[in-house]
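# Commentary on secondary and tertiary structure
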Amino acid sequence: MAKSGDDLAFPQRVYAIVANVPRGRVITYGAIAYLLGDPRKAREVGWAMAATPDKEPPIPAHRVINARGELSGGAAFGGYAVQRARLEADGVEFLADGRVDLDRYLWLPEVRRDRLPDDQ
């Protein structure tokens, strides 16, 4: 099946959002999908993040976490310990259970948090 132009541009659109996540903040896969107009594409966001290209400046892929505030720990980030260390170096503190407090650290451009669906 051929991909439409929008499908081909999807990873680049993901990377454009992630590139803007400031130090000390995180964003979720679902929030990125929502911002791109299809909240059902969180899994596709994950696939794009797993294939993050080497760029200068680098895309801060370590700032993307899941909707529960948990780290994915995938190989794309160097594993859980590497992702956590990079977030801590950015100034993100972790809760006692190892999660990130999304109420404190979630970054959303140009949208109010109270407008996102609960599962984002």
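One can find the structure itself at the top, above this paragraph.
Let us look at the structure shown here. (Residues numbered from 1 in each chain as written. Predicted model: local features only at pLDDT ≥ 70, side-chain atom pairs only at ≥ 80, totals over all residues. Heavy atoms only, no water.)

### Remarks on the environment of Asp-97
Secondary-structure assignment places Asp-97 in the loop between helix 4 (80-90) and helix 5 (102-105). Taking the C-alpha atoms as reference points, Asp-97 and Glu-70, 27 residues apart in sequence, are found 9.4 Å from one another. For Asp-97, the side chain forms a polar contact with the side chain of Arg-99, separated by 2.7 Å. (Helix = DSSP H or I, 4+ residues; strand = E, 2+ residues; numbered from the N terminus. Polar contact = N/O pair within 3.5 Å; in protein donor to acceptor, adjacent residues only side chain to side chain.)

### Details of helix 3 (residues 42-50)
Residues of helix 3 that are buried include every one of Val-45, Ala-48 and Met-49, and no others. Take helix 3 and look down its axis: the buried residues cluster within an arc of 100°, on one side only. Within helix 3, the exposed residues directed more than 90 degrees away from the buried face are Arg-43, Trp-47 and Ala-50. (Buried < 20%, exposed > 50% of the residue type's maximum accessible area, 1.4 Å probe, protein only. Arc of directions from axis to C-beta.)

### A few points about the nonpolar core
Ranked by internal contacts, the top residues of the largest apolar core, which has 30 residues, are Val-14, Val-26, Ile-27, Ile-32, Val-45, Met-49 and Val-100. Contributing elements (two or more residues each) for this core: helix 1 (5-18), helix 2 (29-35), helix 3, strand 2 (64-65) and helix 5. Ranked by the residues each element gives to this core, the list is headed by helix 1, at five residues. (Core = buried A, V, L, I, M, F, W, Y, C linked by side-chain atoms within 4.5 Å.)

### What about the environment of Glu-93?
If you trace the backbone, Glu-93 turns up in the loop between helix 4 and helix 5. Considering only alpha carbons, one finds Glu-93 and Gly-24, 69 residues apart in sequence, at a separation of 8.7 Å. Every residue in contact with Glu-93, bar those within four places of it in the chain, is listed here: Arg-104 and Tyr-105. Only 3.3 Å separates the side chain of Glu-93 from the side chain of Arg-104, close enough to count as a polar contact. (Contact = heavy atoms within 4.5 Å.)

### Description of the pattern of salt bridges
According to the stated counting rule, one finds seven salt bridges in the structure shown. For Arg-99, the salt bridge identified is with Asp-97, shortest N-O distance 2.7 Å. Given a relative accessible area of 30%, Arg-99 falls into the partly exposed group. Connected through salt bridges with shared partners, the residues Arg-23, Arg-63 and Asp-90 form a single ionic network. (Salt bridge = Lys/Arg side-chain N within 4 Å of Asp/Glu carboxyl O.)

Keep in mind these numbers describe shape, not what the thing actually does.
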